[in-house]
Amino acid sequence: MASACFGRLISLGSHRSEMSKGPFPLLKRGLLLQEVTMAGLHELRFTEEKPLLRGQDTELENSDAFLSTVDTDWKEHDIETPYGLLHVVIRGSPKGNRPAILTYHDVGLNHKLCFNAFFNFEDMQEITKHFVVCHVDAPGQQAGASQFPQGYQFPSMEQLAAMVPSVIQHFGFKYVIGIGVGAGAYVLAKFALIFPDLVEGLVLMNIDPNGKGWIDWAATKLSGLTSTLPDTVLSHLFSQEELVNNTELVQSYRQQISSTVNQFNLQLFWNMYNSRRDLDINRPGTVPNAKTLRCPVMLVVGDNAPAEDGVVECNSKLDPTNTTFLKMADSGGLPQVTQPGKLTEAFKYFLQGMGYIAYLKDRRLSGGAVPSASMTRLARSRTASLTSASSVDGSRPRACTHSESSEALGQINPTMEVSC
């Protein structure tokens, strides 16, 4: 049990007003809950033999009103934007007002190297089959990309963010749930600041909200003179401990970064990322007219990741009432690769906080079948505390904060601790 437990969750944050009262729906098996309230401490344990999200019953799945048949094939697109072409791969098609899941990878990677392990994880597929999924590759970073000509001006981080609306418009998305890693997390955060109405929620892994100071800039330049580009990028992706102790994973990424990503194009992206400016966000109330992310945000970092300090600082600059901080135990610089199961569980609860619920099915329950896994908007009949009804294809309320408190529990720290 200890090796498969999903440790302590301290508030899930990011809840809409209609969810600010009333309990989470009780899960039937594989889950022990103490004081299950939206603003309380959660003691959650999941048995390895029974994952949260499994739906094998074809008859039940076909009868689910919210479960639409999706195209299982990934389709590639090159989309024209104000700052050049973007390579995008997409699975599924928009379904009414349901958001799309849109990803953006870290520097040194592309969507395959960054997200394949996560999105191919079985329980993650139980979630994503109910959404259109769209992977964005930064310019020239996709496998087989042509090399940019000499003198090509790579888009700035702000321009990369300004390219994303062209993708949304091209596919007819109304809004997206963004998942970004490192440089991709910075791009999606900047995008959400500029176009808040297009963003339903954000999962930001390894984000660093700060620009490079001149000392950091000089150190990066010196590192570039003494190390190969793949090795320089690896020190960004992995901690020193991982570089020494997890040699098999590191060597695999070294080989793939060297062989699948055009090195000239990568150098341009790397230079631009290291020239980024501060994200310029502040916690509301700390400075006049503070800019912040208005949507629900889940910040993710491994407890052995080079980006840990940056993510902690980002957490200190965001609104605590709609931010969840997930620090993953026994995880390094790529938690979506090394701990996809834990991250999937966290993502599921993040979606629940925004009003999307995964129902469970267990053949072994004597009380009859439970609806198979499906992501739906909370119906009004779920709880009397809901103030507005909305289905997944109905009207979309804007994200709002959850600030309910309890004398018994005191002030809630919107932090999620995950350990095994």
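Rules used in this analysis
Residues numbered from 1 in each chain as written. Predicted model: local features only at pLDDT ≥ 70, side-chain atom pairs only at ≥ 80, totals over all residues. Heavy atoms only, no water. Helix = DSSP H or I, 4+ residues; strand = E, 2+ residues; numbered from the N terminus. Buried < 20%, exposed > 50% of the residue type's maximum accessible area, 1.4 Å probe, protein only. Axes fitted to C-alpha atoms, helices over the stretch in contact; angles between N-to-C directions. Parallel < 35°, antiparallel > 145°, perpendicular 65-115°, else oblique. Left-handed = near helix turned anticlockwise from the far one by under 90°. Contact = heavy atoms within 4.5 Å. Nonpolar A, V, L, I, M, F, W, Y, C, P; charged D, E, K, R; others polar. Phe/Tyr/Trp six-rings, centres within 6.5 Å; stacked < 30°, edge-to-face > 60°.

Caption draft 1: A look at the overall build of the chain. Tallying secondary structure elements over the chain gives 13 helices and 13 strands in all. Taking all 420 residues of the chain together, 55% fall into the buried category.

Caption draft 2: Region of interest: the packing of helix α4 (residues 157-171) against helix α5 (residues 183-194). Interhelical geometry of α4 versus α5 gives an angle of 70 degrees and a closest axis separation of 8 Å. Here α5 runs roughly perpendicular to α4, going by the angle between their axes. Between α4 and α5 the crossing geometry is right-handed. Contacts from Met157, Glu158, Leu160, Ala161, Val164, Pro165 and Ile168 of α4 reach α5 at Ala183, Tyr186, Val187, Lys190 and Phe191. When the residues that make up the contact of α4 with α5 are grouped by side-chain class, the tally is 10 nonpolar, no polar and 2 charged.

Caption draft 3: Geometry of the packing of aromatic side chains. Under the counting rule described, the total for this entry stands at 10 aromatic pairs. With a centroid separation of 6.5 Å and an interplanar angle of 80 degrees, the aromatic rings of Tyr152 and Phe154 are classed as edge-to-face. When the centroid spacing of 5.9 Å and the interplanar angle of 70 degrees are considered together, the rings of Phe238 and Tyr253 count as edge-to-face. Remark: Tyr253 occurs in helix α9 (residues 247-260) and Phe238 occurs in the loop between α7 (229-237) and α8 (240-245); sequence separation between them is 15 residues. Its relative accessible area of 6% is what places Tyr253 among the buried residues.

Nothing here speaks to function; it is all geometry.
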